[in-house]
Amino acid sequence: MQLRHSERKKAKIKMALQGSAGSGKTYSSLLLAQGLTNGDFTKVAIIDTENGSADLYAHLGDYNVLTLTPPFTPDNYIKAINVCEKAGMEVIIIDSTSHCWDYLLDYHSSLAGNSFTNWAKITPLQKAFTDKILQCDAHVIATMRTKQDYVLNQKDGKFIPEKVGLKAVQKDGLDYEFTIVFDIDIKHFAVASKDRTGIFKNLIEFKISRETGAKILEWCGSGTNLQDAREKIKATKTVEELKVLYNQYSNWRELLEYDFKLQKDTINSKELLLNPKSFSTNGHTTHH
């Protein structure tokens, strides 16, 4: 047994796009895939459960389509992902995962006996599908249909249905498994409802483009470990060089805060020795 620092090697992004019919999930997924492969659509595959919707955007490029037909069992999805992996695909778009959940709900309702205990037969099937996505050696973009959700509120002795927003047609909590989740509205604007990369945290809403995928690819490729980061920080000779690294390691600032402070003090001390007539405040050298 050995403890080690957490690290992010060259990551494979696992992301989800949620939106209602007509919001542009398929098109947005293809634009993301274009950025993730540097424009090489031959390395992109769509697992299509949407009656040929994947072929509507053939003008974008020569991507691959694997048509999935009923029954939409988790096992059939897993087999489709395996086919894409063996073909060397770099991006696999699953359009959409909602059909799998619909299948599992129908299967659950068809089981005899206690409805609650029957979930024990469903959960392992869903977990196998989820695990396959997360362990897949390719970038995965999963789309999910959303529908308007309602709750019953009591008013004047009557129960009145009220809208409470959009809910994904998928197992509750599945979105927690993804690194990024984009919610797309009917005008094709996206909001990152979940973002572990930190890339989109300051964006209120935007339209997904090839550049969005390119930014994510850059994040995936910047995987390194803490020791490498610390050595790079120690190697800096100026405060400006240090600032560049400070921005580069924005997601790791808490872990590297002490290293940055130590190196900044070291650089300032050396500058003071070389030029005793100058002193440094907040990384800026003031001359007298």
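Please read these numbers as outputs of a predicted model, since none were measured by experiment.

## Notes on the overall build of the protein
And then number 1: Across its full length, the protein carries eight helices and ten strands.
And then number 2: Residues classed as buried in the protein amount to 40% of the 288 residues present.

## A few points about helix H5 (residues 210-221)
And then number 1: Spanning twelve residues, H5 covers 17 Å between terminal C-alpha atoms, matching the ideal 16 Å at 1.5 Å per step.
And then number 2: For H5, the full list of buried residues reads Thr212, Gly213, Ile216, Trp219 and Cys220. Projected down its long axis, H5 carries its buried residues within an arc of 115°, all on one side. Turned more than 90 degrees away from the buried face of H5, the exposed residues are Glu211 and Glu218.

## Notes on unusual backbone geometry
And then number 1: Between Pro70 and Pro71 the backbone carries a cis peptide bond, its omega angle lying at 0°.
And then number 2: Tracing the chain through its elements places Pro71 in the loop between strand E3 (64-67) and helix H2 (74-86).
And then number 3: Of note, the phi angle at Asn38 is positive, near 55°, even though the residue is not glycine.
And then number 4: Along the polypeptide, Asn38 turns up in the loop between helix H1 (25-36) and strand E2 (44-48).
And then number 5: What makes Asn38 exposed here is its relative accessible area of 59%.
And then number 6: Although it is not a glycine, Asn51 sits at a positive phi angle of roughly 55°.
And then number 7: Locating Asn51 in the fold gives a position in the loop between E2 and E3.

## As for the packing of aromatic side chains
And then number 1: Tallied over the entire structure, the rule returns nine aromatic pairs.
And then number 2: Ring centres of Trp101 and Trp119 lie 6.2 Å apart, and the angle between their planes is 20°; this geometry places the pair in the stacked category. One end of the pair, Trp101, is in helix H3 (residues 98-110); the other, Trp119, is in helix H4 (residues 115-135), and 18 residues separate them in sequence.
And then number 3: Looking at Trp101, the relative accessible area reads 12%, which means it is buried.
And then number 4: Overall, the relative accessible area of 29% leaves Trp119 in the partly exposed class.

## Here's the deal with the pattern of salt bridges
And then number 1: One pass over the full model with this rule turns up seven salt bridges.
And then number 2: Taking the shortest distance from any N to any O, the salt bridge between Lys79 and Asp75 comes out at 3.4 Å. Here the residue Lys79 and the residue Asp75 both occupy positions in helix H2, the gap between them amounting to four residues, near one helical turn.
And then number 3: For Glu85, the salt bridge goes to Lys132, with nearest N and O atoms at 2.8 Å. With a gap of 47 residues between them, Glu85 in helix H2 and Lys132 in helix H4 connect regions that are remote in the sequence.
And then number 4: Here Glu85 falls in the partly exposed class, since its relative accessible area comes to 25%.
And then number 5: Exposure remark for Lys132: the relative accessible area of 18% places this residue in the buried category.

## Structural notes on the nonpolar core
And then number 1: Counting 28 residues, the largest nonpolar core has Ile47, Ile81, Ile92, Ile94 and Phe178 as its most contacted members.
And then number 2: When residues of this core are traced back to their parent elements, those giving at least two are E2, H2, strand E4 (91-95), H3, H4 and strand E5 (139-155).
And then number 3: Take this core: its biggest share by element is four residues, from H2.
And then number 4: Excluding anything up to four places from it in sequence, Ile94 contacts Ile47, Tyr77, Ile81, Ile133, Val140, Ile141, Ala142 and Thr143.

## A few points about the environment of Arg210
And then number 1: Relative to the helices and strands, Arg210 resides in helix H5.
And then number 2: For Arg210, a relative accessible area of 36% translates into the label partly exposed.
And then number 3: Excluding anything up to four places from it in sequence, Arg210 contacts Leu31, Gln34, Gly35, Asn38 and Gly39.

About the criteria used
- Residues numbered from 1 in each chain as written.
- Predicted model: local features only at pLDDT ≥ 70, side-chain atom pairs only at ≥ 80, totals over all residues.
- Heavy atoms only, no water.
- Helix = DSSP H or I, 4+ residues; strand = E, 2+ residues; numbered from the N terminus.
- Buried < 20%, exposed > 50% of the residue type's maximum accessible area, 1.4 Å probe, protein only.
- Expected span 1.5 Å × (residues − 1).
- Arc of directions from axis to C-beta.
- Phe/Tyr/Trp six-rings, centres within 6.5 Å; stacked < 30°, edge-to-face > 60°.
- Salt bridge = Lys/Arg side-chain N within 4 Å of Asp/Glu carboxyl O.
- Core = buried A, V, L, I, M, F, W, Y, C linked by side-chain atoms within 4.5 Å.
- Contact = heavy atoms within 4.5 Å.

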